[in-house]
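As a plain string of letters, each chain reads:
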Amino acid sequence: MNLDLSISQLAVKYRSGEVTPEVVVNECLENIERNNPELNIFITLRDKQELLDEARSVKFDTLLSGVPYVLKDAYVTKNIRTTSASNVLNNYVPDYDATVVRKLKEAGAILIGKTNMDAWGHGGSSENTDFGPVKNPWDQTRVAGGSSGGAAAAVSARMAMFAIGEDTGGSIRNPAGWCGISGLKVTYGRVSRYGAIAYASSLDSVGPMAKNVEDLSLILELIAGQDKLDATSSPNNVPIYSKNLNIAPSTIKIGVPFELDSQIKEAVGKLVSMGAQIIDISLPMLKYAVSTYYLLAPSETSSNLGRYDGIRFGQDRSNFTQESMRRIMIGTYALSAGYYDAYYKKAQQVRTKIIEDYNKAFEKCDVIIMPVAPTVATKLGELISDPIKNMLADLYMVTTNIAGIPSLAIPCGFEEGMPVGFQIQGPMFSEELLFKIGHQYQQVTDWHKAKPNL
Ligand code: GLN
């Protein structure tokens, strides 16, 4: 199947005329028709005829030309309904494109549809949605992870070549890990957030999800860069990441902050056998990560969601899910006079401590390796019925957003028949290094090639 190829392999076939975008779009649509009724990945699927017309008129200007992708429904799309998986925005049809969407359009990528998620990004299982839970392609009694669950499941189930997700506290990495694909949380400001529906503005990031690291690097070099429509987007030069993904492993110092589980330990072992060096580091503030994040993110979201008052945007505020209501209440409380110092301000102070932990660690090592999640994909119902467990599942992911640093999640094995992923975290703007290390790992392992039997 062409959807098993990497983006660069597909580009070669396009150019030789061996395969056409029409054929690949049709393959996506066949997989969607067969498996979407069960997996519940799409909120909005584009019209078939429109897609095939677009596929027939592709000009091969970039490596993404004619490459089908899906978009988490957290990005506005001109003339295509955008819901953020919430009934509050049930009928919202934007009249402009998010910058990431515009860039992919200009590159010739083909948008297949908008994918299901935890509404507003609130959650880690894609169950907190008004469109029904997303199911994991590897086991339909389990969740796909979240909040970009539909995006990850679509790539894993070969309904698209890649996806654009959003990560505020793990929402790209968690579903990537649980669905057995690769995903990148970028440095804060690396990709424009213009047109991204805001969750928590000091933590939100736009990033790619795909089968392998090489694909991620190709996508990032096209979507990254400064944007005058997003004042937080960085003016830093965007490297052509995919040009050289090689690195001598003997030059890499890997920081390991605690005893790792079997699969992750094996992944580190693999890198060590190639010559990488292990450095013991400590991140003492990690134990405060979840509490810090769950004050900062709800505080910011309670403020961001204030615009959906039914007058400017939105239908009916009573349509917020329970999970969103919980966050709005926590956030409003933490920001209120009298509690501000004890909660919001304290969380901001701990945020600085977490940044200091990372700065100290990166004096000794180049990157840090840790798991994506403490468990494999949970059973449907398990996280949505237990809000504390739901928060604790984010333990290893939230510190990177708090510190603004990038983190690459890639598959490294299976447990209970389900994919397991690990993270490679690096200093600000170290995406190039993360790609190189991740790519070297994928040169000597095949975990990223495994796919669910559907
Ligand atoms: N699970 C985290 C939360 O619910 C992450 C969400 C995200 O990154 N959008 O806040």
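Heads up: these notes are all about the structure in this document. Keep in mind it's a predicted model, so treat the numbers as computed, not measured. (Residues numbered from 1 in each chain as written. Predicted model: local features only at pLDDT ≥ 70, side-chain atom pairs only at ≥ 80, totals over all residues. Heavy atoms only, no water.)

## Examining the packing of aromatic side chains
Under the defined criterion, the tally for this structure stands at 16 aromatic pairs. Measuring from ring centre to ring centre gives 5.1 Å for tyrosine 69 and phenylalanine 162, while their planes differ by 10°; the resulting arrangement is stacked. Here tyrosine 69, found in strand 2 (residues 68-72), pairs with phenylalanine 162, found in strand 6 (residues 162-166); they are 93 residues apart in sequence, far enough to count as distant. Exposure remark for phenylalanine 162: the relative accessible area of 0% places this residue in the buried category. When the ring of tyrosine 96 is compared with that of tyrosine 194, the centres are 5.5 Å apart and the planes differ by 40°; the resulting orientation is tilted. One end of the pair, tyrosine 96, is in the loop between strand 2 and helix 4 (99-107); the other, tyrosine 194, is in the loop between strand 7 (182-185) and strand 8 (206-210), with 98 residues separating them in the sequence. Note on tyrosine 96: relative accessible area 30%, which makes it partly exposed. Its relative accessible area of 28% is what places tyrosine 194 among the partly exposed residues. Here the aromatic cluster, defined as three or more aromatic residues joined through ring pairs, consists of Trp120, Tyr308 and Phe320. (Phe/Tyr/Trp six-rings, centres within 6.5 Å; stacked < 30°, edge-to-face > 60°. Helix = DSSP H or I, 4+ residues; strand = E, 2+ residues; numbered from the N terminus. Buried < 20%, exposed > 50% of the residue type's maximum accessible area, 1.4 Å probe, protein only.)

## Some thoughts on the site of the ligand
Around the ligand, the surrounding shell holds 16 residues, and the nearest of these are Thr168, Gly169, Ser171, Tyr199 and Tyr293. Glycine 123 is positioned with one of its backbone polar atoms (N or O) 2.8 Å from an oxygen atom of the ligand. Here aspartate 394 contributes a side-chain N or O atom positioned 2.8 Å from a nitrogen atom of the ligand. Taken together, the residues that form the shell around the ligand break down as three nonpolar, nine polar and four charged. (Near = heavy atom within 4 Å. Polar contact = N/O pair within 3.5 Å; in protein donor to acceptor, adjacent residues only side chain to side chain. Nonpolar A, V, L, I, M, F, W, Y, C, P; charged D, E, K, R; others polar.)

## Here we look at a nonpolar patch on the surface
A contiguous nonpolar surface patch, about 290 Å² in accessible area, is contributed by Tyr333, Tyr339 and Tyr343. Checked against the element boundaries, tyrosine 339 lands in the loop between helix 10 (322-335) and helix 11 (341-364). (Patch = residues over 30% accessible without salt bridge, like charges linked within 9 Å, V, L, I, M, F, W, Y side chains within 5 Å. Areas by Shrake-Rupley, 256 points an atom, 1.4 Å probe, with all protein chains shown as cover. Salt bridge = Lys/Arg side-chain N within 4 Å of Asp/Glu carboxyl O.)

## Here we look at the environment of isoleucine 197
Along the chain, isoleucine 197 falls in the loop between strand 7 and strand 8. In this structure the C-alpha to C-alpha distance between isoleucine 197 and valine 76, which are 121 residues apart in sequence, comes to 7.3 Å. Once you skip the residues sitting within four places of it in the chain, isoleucine 197 turns out to touch Ala74, Val76, Thr82, Ser84, Leu89, Trp120 and Tyr308. (Contact = heavy atoms within 4.5 Å.)

## Details of empty space enclosed by the protein
Rolling a probe over the atoms, with the probe sized like a water molecule, indicates the empty space that remains. Tallied over the full model, the rule gives three cavities of 30 Å³ or more. Reported here for the largest cavity is a volume of approximately 80 Å³. Around the largest cavity sit 16 residues that line it, and Gly123, Gly169, Ser171, Tyr293 and Asp394 are the ones nearest its centre. Residue composition of the lining of the largest cavity, by class: four nonpolar, ten polar and two charged. (1 Å grid on protein atoms, 1.4 Å probe; cavity = no way out; pocket = protein on both sides within 12 Å on 5 of 7 lines; lining within 4 Å. Points joined across faces, edges and corners; volume = space filled by probe spheres on them.)

## Structural notes on the pattern of salt bridges
Enumeration according to the criterion identifies 21 salt bridges in this entry. The partner of lysine 114 in a salt bridge is aspartate 73, and the shortest N-O contact between them spans 2.8 Å. You can see lysine 114 sitting in strand 3 (residues 110-115) and its partner aspartate 73 sitting in the loop between strand 2 and helix 4, a full 41 residues away along the chain. Of the two residues examined, lysine 114 and aspartate 73, each falls in the buried class.

## A word on helix 1 (residues 7-16)
All buried positions along helix 1 are accounted for by Ile7, Ser8, Leu10, Ala11 and Tyr14. Buried residues along helix 1 cover an arc of 155° about the axis, so they all sit on one side. Looking at helix 1, the residues exposed on the side facing more than 90 degrees away from the buried face are Val12 and Ser16. Taken together, the buried residues of helix 1 touch helix 2 (21-39), strand 2, strand 6 and helix 7 (213-223). Immediately downstream of helix 1, the backbone of glycine 17 shows phi near 85°, a positive value. (Arc of directions from axis to C-beta.)

## A closer look at the nonpolar core
Core analysis: the biggest nonpolar cluster contains 114 residues, and Phe162 and Ile164 have the highest contact counts within it. In terms of nonpolar packing, the next biggest core, distinct from the first, is built from 27 residues, Ala200, Tyr358, Met391 and Ala403 among them. (Core = buried A, V, L, I, M, F, W, Y, C linked by side-chain atoms within 4.5 Å.)

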